[in-house]
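Residue strings, one per chain:
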Amino acid sequence: MTQLTRHEREALESLGPGALAQPELEVSQRIVQPTPRARLDYIRFATDASRFFRGRREIGFHGENWLL
C-alpha cells in the first residue's frame, strides 16, 4: 500500500467526524436504470474511483523459507 502525500494527509485530517457518512439511498437510487444518463453517471463514478489506484507494487519472493 502506498503512503499518502502531505497534501492528501492534511486534506484527510481536515475532515470533520461526520464528513464521511453516507446518506440513505432513495428507492429510485437503489436500482440503476438502463438509460444513457445512468451509464454516463456510472462512467463518471468509475473514472473518479480509478484515480485512487496508485499502481502495482511487485512483491519479491526470494530466499528459501517462503510459502504461498
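None of these values were measured; they are calculated from a predicted model.

Asker: Can you lay out the overall build of the protein chain for me, pointing to particular residues and giving the numbers?
Answerer: Scanning the protein chain from N- to C-terminus turns up three helices and zero strands. When the helices and strands of the protein chain are listed from N to C terminus, the series reads α-α-α. When the accessible surface of the protein chain is summed, it comes to about 7500 Å², and 57% of that surface belongs to carbon and sulfur atoms.

Asker: Hey, could you go over the pattern of salt bridges for me, with residue numbers and the actual values?
Answerer: Oppositely charged side chains are able to pair whenever their charged atoms sit close together. Applying the stated rule across the entire model yields three salt bridges. A salt bridge links Asp48 to Arg51, with the shortest nitrogen-to-oxygen separation between them at 2.8 Å. Residue Asp48 is classed as partly exposed on the basis of its relative accessible area of 43%.

Asker: Would you mind going over the packing of aromatic side chains in detail, with residue names and values included?
Answerer: All told, the structure shown has one aromatic pair when counted by the stated rule. Summarising the aromatic geometry, the rings of Tyr42 and Phe45 are spaced 6.2 Å apart at their centres and angled 45 degrees between planes, so their arrangement reads as tilted. Within this pair, Tyr42 and its partner Phe45 are both found in helix H3 (residues 36–50), separated by three residues, close to a single helical turn. Using a relative accessible area of 54% as the deciding quantity, one classes Tyr42 as exposed.

Asker: Tell me about the confidence of the model for the protein chain, and please be specific about residues and values.
Answerer: When pLDDT is averaged along the protein chain, the result is 78, and 90% of the positions lie at 70 or above. Within the protein chain, no element has a lower average pLDDT than helix H2 (residues 27–30), which sits at 72, and none a higher one than H3, at 87.

Rules and cut-offs
Residues numbered from 1 in each chain as written. Predicted model: local features only at pLDDT ≥ 70, side-chain atom pairs only at ≥ 80, totals over all residues. Heavy atoms only, no water. Helix = DSSP H or I, 4+ residues; strand = E, 2+ residues; numbered from the N terminus. Areas by Shrake-Rupley, 256 points an atom, 1.4 Å probe, with all protein chains shown as cover. Salt bridge = Lys/Arg side-chain N within 4 Å of Asp/Glu carboxyl O. Buried < 20%, exposed > 50% of the residue type's maximum accessible area, 1.4 Å probe, protein only. Phe/Tyr/Trp six-rings, centres within 6.5 Å; stacked < 30°, edge-to-face > 60°. pLDDT = per-residue confidence, 0-100.

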